[in-house]
2 protein chains.
Amino acid sequence: MQSEKITSLRRTEEKRRYDDACGTAHGLELIGERWALLVLRELMLGPRRFSQLRADLPGISANVLSQRLTELEARGLVVRRKLPPPANVQVYEATEWGLEAEPIVQTLGRWAARSPSHDPTLPISGVSILLSVRTMFDRAKINGMEATINFRFGPDAYVAQIHDGEIDILRGEAEEAALTIASDPPANLAAVMYGKAPYELIEWSGDKVLLDRFVDLFELPPKAAVPAA
Amino acid sequence: MQSEKITSLRRTEEKRRYDDACGTAHGLELIGERWALLVLRELMLGPRRFSQLRADLPGISANVLSQRLTELEARGLVVRRKLPPPANVQVYEATEWGLEAEPIVQTLGRWAARSPSHDPTLPISGVSILLSVRTMFDRAKINGMEATINFRFGPDAYVAQIHDGEIDILRGEAEEAALTIASDPPANLAAVMYGKAPYELIEWSGDKVLLDRFVDLFELPPKAAVPAA
DNA sequence: CCGTATCCAATAAGATACTG
DNA sequence: CAGTATCTTATTGGATACGG
């Protein structure tokens, strides 16, 4: 049955190719199907389980997620890994090359943020927000800023290290963080960062001045002017 | 009928949304359908006609191209413009915001060039090659290089201006070009640039030293290491 | 020649139920 | 929980025909 699945996958891929030497076309063959880039996005900050992916990709169905993961694995962008006992669960992890797709996610996201039809009030995953932190911070305002900030989205913990004009993000929790932010749902943090909504929407503890400065780093880009329909 | 088409388009778009505030997801709603980004790519160096797009996107069918153009227009990424008499023909042109998608095309293309399954010998459009010129040149080797090079792909003429560490590309022909390169099919030029194939594959006239230096600017990136299947 | 419209067959996506 | 199986619907691509 496995070989049959692979055969049908190969037959499909041959038909749906673009027959174009352009790297962009080949990129679309690799990660251009519906949901594929979003699945990869969710793996950008570390391995995730099937059910976590399903929860963070509202509307994806189990069979499509399963198929996308199989394809991404066949293409060398994702590996499935069995965690050692006692956890003993299977997780999906981006390969090194898969992680190199992050600039695609960022470039596409930054461009689309200018869309007049972008609705920033929709639900969003914790991973997406933290990737947007890396993408959208104002480089002019960050100068000299050095800080460690903990984030919690339900059970998921991340640390942002603001250092030397860049922001690194890791899984986990830092003891020495000057600030801890928790948001449930994660969209509330987006409302605070990009909509300048009141802090009541999130939970936070620690350095309030740092929180102010952090929130001030983010601003949505101006909307693109589009011709009248 | 037009209103019916728009209604069905809207109904479709509602179902196929990602319901995700992440900019990347919204970007995929805008240019994530099959062929959409490639259509936009073909417009990156200036307006094109329907039949030119069809010819440069091997395998796209007329109805799909038509639908993609309608959608891109509805989203404000493309406008259709009627050239003044005596030409009197309709062309499709990227809007300013549409042109701002070029970094997406570039980032995706550069990433995918590392794919072990990328086949650079397939057919390719002139626009794709010249976009790759902008994307893939070696910044370390270009230092101090100043030149104007004409390109011809069948009836289409372009000029590359290498200046100040960057490469600009425009439609048209420059009188004062030091070098003129013609390639038919365009894939032959790709073979020369990236495969270091012999110059016999192309036609050229002018400064041979410049041609050597130009070709030397390009190199495919190393293939990504992927886990064994 | 430039598209658009229509019809058809193949496939992908979505919804739901089900199994180890 | 982690998927698979099955069924329905939507999209795609190919062919062809039609109007400007």
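Scroll up to find the structure.
Residues numbered from 1 in each chain as written. Chains lettered and ligands numbered in written order. Predicted model: local features only at pLDDT ≥ 70, side-chain atom pairs only at ≥ 80, totals over all residues. Heavy atoms only, no water.

(A) Spotlight on the sheet that holds strand S5 (residues 166-171) of chain B. All names here are of chain B. The 5 strands lie next to each other as S5-S4-S3-S6-S7, forming an open sheet whose pairing is mixed. The open sheet has two edge strands, S5 and strand S7 (203-206), and neither has a second partner. Across this sheet, the average inter-strand angle for adjacent strands is 20°, counted without regard to direction. Where strand S6 (residues 179-182) lies against S7, 4 bridges are found, and the strand directions are antiparallel. Residue pairing in the sheet places Ala182 in a bridge with Glu203 of S7. Against the sheet, helix H8 (residues 126-136) engages strand S3 (147-153), strand S4 (156-163) and S5, with an angle of about 160° to S5. (Pairing = 2+ DSSP bridges. Helix = DSSP H or I, 4+ residues; strand = E, 2+ residues; numbered from the N terminus. Axes fitted to C-alpha atoms, helices over the stretch in contact; angles between N-to-C directions. Contact = heavy atoms within 4.5 Å.)

(B) Region of interest: the relation of the copies chain A and chain B. Mapping chain A onto chain B calls for a screw motion: a turn of 180° about the axis and a shift of 0.0 Å along it, with 0.0 Å RMSD after fitting. Taken together, these values place the two copies in the relation of a two-fold axis. The position closest to the rotation axis in chain A is occupied by the C-alpha of A:Ile104, lying 3.3 Å away. Most of the interface of chain A is mirrored in chain B, where 100% of its interface residues again form contacts. (Least-squares fit on C-alpha atoms with pLDDT ≥ 70 in both.)

(C) Spotlight on helix H7 (residues 102-112) of chain B. Among the 11 residues of H7(B), 9 are classified as buried, and the element is accordingly described as predominantly covered. Here H7(B) has its buried residues at B:Glu102, B:Ile104, B:Val105, B:Gln106, B:Thr107, B:Leu108, B:Gly109, B:Trp111 and B:Ala112. (Buried < 20%, exposed > 50% of the residue type's maximum accessible area, 1.4 Å probe, protein only.)

(D) Structural detail: the interface of chain A and chain B. With 52 residues of chain A at the contact, the number on the chain B side is 53 residues. Overall, the association of chain A and chain B removes approximately 4,700 Å² of surface from exposure, summing both partners, and the carbon and sulfur fraction of that is 67%. At the boundary of chain A with chain B, the tally comes to 4 salt bridges. Close ionic contact of B:Glu100 with A:Arg114 constitutes a salt bridge, the shortest N to O distance being 2.4 Å. Between chain A and chain B we count 21 residue pairs in polar contact (both at pLDDT 80 or more) in total. Of all elements in the fold, only helix H2 (23-31), helix H3 (36-42) and helix H7 (102-112) of chain A reach the threshold of two or more residues within the side of chain A that touches chain B. Split into classes, the residues belonging to the side of chain A that touches chain B amount to 29 nonpolar, 13 polar and 10 charged. (Buried area = accessible area lost by both parts, 1.4 Å probe. Salt bridge = Lys/Arg side-chain N within 4 Å of Asp/Glu carboxyl O. Polar contact = N/O pair within 3.5 Å; in protein donor to acceptor, adjacent residues only side chain to side chain. Nonpolar A, V, L, I, M, F, W, Y, C, P; charged D, E, K, R; others polar.)

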